[in-house]
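Below are the chains, spelled out letter by letter.
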Amino acid sequence: MMNLTVLIPIGLLFVALPVLAQPQGGGVKPIVQSDCRQGQCWESQVLGTRLEQQTPQGRLYQVTVGRRSWPMDGKPPAQLGERSQDYVYCSRTRPAFIFRNPAGAGYLAHLLNPGGESFGYNQNAYPVYWGVCHSVYNQDVFSPAMTQKAKQLGYPLNLSSDQIGLPRVADILQR
């Protein structure tokens, strides 16, 4: 989470207080990811977030993600067509993107390594993670600049990048 400063007026003076950035509930959300490849364009947007649980290791958020796609030579649809209820665990030690298991019961968690190694199966999770946890939107989250940002934020760059099954979303907190 980013450190921000809030100015609070007290009489004619302003007092600066540091605060921890966290997902905001209202307003228009920025696009977290967009791209065009092989004749197809797409984008993802975090439409809403809700804090589920907080531990000393991080914060677990339920997120609503909207997606749309269109032919490269066409115009994007006016509305986001596909929506999902997913989860993001903002943590320097166990960052994760969690979603319903499409092949059965429970959930799948993509364990992430912000700034470090990633794999094809979990690359779409990183932009949502960076957007929800650090207010980084529509950037190349795999660039050298983002590796530096991850280091500055305290990520060790050698975390496990894996996919695991979870019976319940909250089970990520015990891993």
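The following paragraphs examine the structure supplied in this document. (Residues numbered from 1 in each chain as written. Predicted model: local features only at pLDDT ≥ 70, side-chain atom pairs only at ≥ 80, totals over all residues. Heavy atoms only, no water.)

A few words now on helix H1 (residues 125-134). Counting along an α-helix, one turn takes 3.6 residues, and residues three or four places apart therefore face a common direction. Most of H1 sits inside the fold, with 10 of its 10 residues counted as buried. Of the residues one or two after H1, Ser 135 is the one with positive phi, at around 55 degrees. (Buried < 20%, exposed > 50% of the residue type's maximum accessible area, 1.4 Å probe, protein only. Helix = DSSP H or I, 4+ residues; strand = E, 2+ residues; numbered from the N terminus.)

The next point concerns the pattern of salt bridges. Across all of its chains, the model carries 6 salt bridges by this definition. Asp 35 is the partner of Arg 37 in a salt bridge, and the nearest nitrogen-oxygen pair spans 2.7 Å. The exposed category is assigned to Arg 37, whose relative accessible area is 53%. Between Arg 168 and Asp 171 there is a salt bridge, with its nearest N and O atoms 2.9 Å apart. Judged by relative accessible area, which is 16%, Asp 171 ranks as buried. Within this structure, Arg 67, Glu 82 and Asp 86 form a network of salt bridges that share partners. (Salt bridge = Lys/Arg side-chain N within 4 Å of Asp/Glu carboxyl O.)

Let us now look at the sheet that holds strand E7 (residues 96-100). With antiparallel pairing, 7 strands are arranged side by side in an open sheet as E3-E4-E5-E6-E7-E8-E9. Where the open sheet ends on each side, the last strands, each with one partner, are strand E3 (31-37) and strand E9 (162-166). Strand-to-strand twist across the sheet, computed as the mean angle between neighbouring axes with direction ignored, equals 25 degrees. Sitting on the sheet, H1 touches E3, strand E4 (40-55), strand E5 (58-71), strand E6 (82-91), E7 and strand E8 (107-111), and the angle it makes with E6 is about 65 degrees. (Pairing = 2+ DSSP bridges. Axes fitted to C-alpha atoms, helices over the stretch in contact; angles between N-to-C directions. Contact = heavy atoms within 4.5 Å.)

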